[in-house]
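Residue-level structure breakdown
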Amino acid sequence: MTEAKHLEVLIVGAGLSGIDAAVHISRAFPARNYAVLEQRGELGGTWSLFKYPGIRSDSDMYTLGFGFRPWDGKNAIADGADILRYLQDTAVEYGVDKRIRYHRKATHFAWSSADQFWTVTVENTESGTTETMTADFVFSTSGYYNYEAGYTPDWPGLEDYRGQVVHPQHWPEDLDYTGKRVVVIGSGATAVTLIPSMARDAGHITMLQRTPTYIVSQPRIDPIAETLKRTMPKKQAAKLIHARYAAVTIGFYEFCRRNPKVAKVLLKRWAKLHLPDDFDYDTHLTPPYDPWDQRLCVIPGADLFRAIHSHKVDVVTDHIERFTESGIVVKSGKELEADIVVTATGLDVIAMGGATIEVDGEQIDLGKTFTYKAMMLSGIPNFAFIVGYSNASWTLKADLVCEYVVRLLEYMDQHNLKVAVPPHEEGLVPAPILDLDSGYLKRAAGRLPIAGDRDPWRLKHNWYFDKKFLRKSKVDDGVMEFTA
């Protein structure tokens, strides 16, 4: 089958967001010519890229699952393999798998107002060759981190270390840590995920963190959800479970932001139920910031706490002074000997998969563009993107954006419109696109688009607000500019 060089909709990225977008487009416009570009050799994004032990969701699957195909698995917190299978099955069921062009990386988008379409430069990541294609509308669903490399600090003496250094983003399939001494550097979602899994076989694991993270346990299997699935019709049960999880997740976030002192007390009380009596909670699990200033980590069935209780895992809160031949010396003077060091030190954040954008020959500085309704960018025509919530599941936002893009395209069809562009608006006060104080976002300062201080440019980081706003607000809202 010959691949079309001109597309009505070009979706960039075949991860969770890309599959979500493709299903929405194909269901709303069965005759519309669209394709999905994927720079790697398989779909799934995060869930096919990361192979480290214990990889799993860091939010519940009942809201991470698609609205059009609810998650029906048993685990509320699911393993990476189950999530990947869910994405693969969804792509096959809706025919999206036949629209994916693998080993295709979009590197440059160029809009022409005269032609009223995009010219996209695409690199073949297998052959190294380059091709171009054109598209009426581009939908960027590539997330916000670099798939090719994670972030690793430049520690003194790293070159002297004789053990093995592994970043979770590039986990060796043949890595044998049985009986080994392992140091995992980091305290975020990746570290708290892989440590309990590795602890089953490793000799001993030290979790070395510079700053603690708030951690809360959640049941892997939800008995209430299982009861609803057994006693109610499938669709009705899925709707109620989804609503319950959304309410609990978003409600707890709002509670933490408004009552940080009480939230700290509750988080400590819940954690200490599973930790050894002699564990120094205040040193190792009390960050110097309020809950949800940075993302709160969820662990299923208290697995990390149970691993600490077994004494196969200990926690060291300190700064790295230098690496040695046999391990790491921290600033307190202690040396942590290690056969393997895992650098769970975060992501390298990039916008739009690292592709550059120009409009009528002018290069766009994404760090100076404002987000329109959190899914389009000021001054950039016929271009939408997806960035999920930091305080709830990614898909809650992705579903809403996909629904709105469908409404936008339907409106343009009905009124014979060719171009939709959010204009540059004066006087907006900049705000970050993600409302967190995390290190990976600080490192990306100036590279990501920004939000404004009033509608439709502001971000509320609240699914209930967005659900009403994006589903009810007019497409022709007096701000968006259209061209026939």
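Refer to the preceding data block for the structure.
The paragraphs below set out a description of the structure included in this document. (Residues numbered from 1 in each chain as written. Predicted model: local features only at pLDDT ≥ 70, side-chain atom pairs only at ≥ 80, totals over all residues. Heavy atoms only, no water.)

It is worth spelling out a negative patch on the surface at this point. On the surface, E173, D174, D176 and D201 cluster together into a negatively charged patch. Relative to the elements of secondary structure, D201 occurs in the loop between α5 (189-199) and β9 (204-209). The exposure class assigned to D201 is partly exposed, which follows from its relative accessible area of 42%. (Patch = residues over 30% accessible without salt bridge, like charges linked within 9 Å, V, L, I, M, F, W, Y side chains within 5 Å. Areas by Shrake-Rupley, 256 points an atom, 1.4 Å probe, with all protein chains shown as cover. Salt bridge = Lys/Arg side-chain N within 4 Å of Asp/Glu carboxyl O. Lys, Arg positive; Asp, Glu negative; His and termini not counted. Charge placed at Lys NZ, Arg CZ, Asp CG, Glu CD. Helix = DSSP H or I, 4+ residues; strand = E, 2+ residues; numbered from the N terminus. Buried < 20%, exposed > 50% of the residue type's maximum accessible area, 1.4 Å probe, protein only.)

Take the packing of helix α6 (residues 223-231) against helix α7 (residues 234-258) next. Closest axis-to-axis distance for the α6/α7 pair is 9 Å, and the angle between their directions is 160°. Here α6 is positioned roughly antiparallel relative to α7, judged by the angle of their axes. α7 is crossed by α6, and the crossing has right-handed handedness. Residue-level inspection shows I224, A225, L228 and K229 of α6 in contact with α7, the latter providing A237, L240, I241 and R244. Of the residues that constitute the contact of α6 with α7, the class distribution is six nonpolar, no polar and two charged. (Axes fitted to C-alpha atoms, helices over the stretch in contact; angles between N-to-C directions. Parallel < 35°, antiparallel > 145°, perpendicular 65-115°, else oblique. Left-handed = near helix turned anticlockwise from the far one by under 90°. Contact = heavy atoms within 4.5 Å. Nonpolar A, V, L, I, M, F, W, Y, C, P; charged D, E, K, R; others polar.)

For strand β8 (residues 181-185), the tally of buried residues reaches four of five residues, placing the bulk of the element in the interior. Alignment of β8 against β9, held across five bridges, turns out to be parallel. Opposite V184, over in β9, you have M207 as the bridge partner. Following the chain from β8 across α5 to the adjacent parallel β9, one finds a crossover that is right-handed. As paired strands, β8 and strand β16 (residues 340-343) are joined by four bridges and run parallel to one another. When the bridges of β16 are listed, V183 appears paired with V341. (Pairing = 2+ DSSP bridges. Right-handed = clockwise from strand over helix to strand, strands pointing away.)

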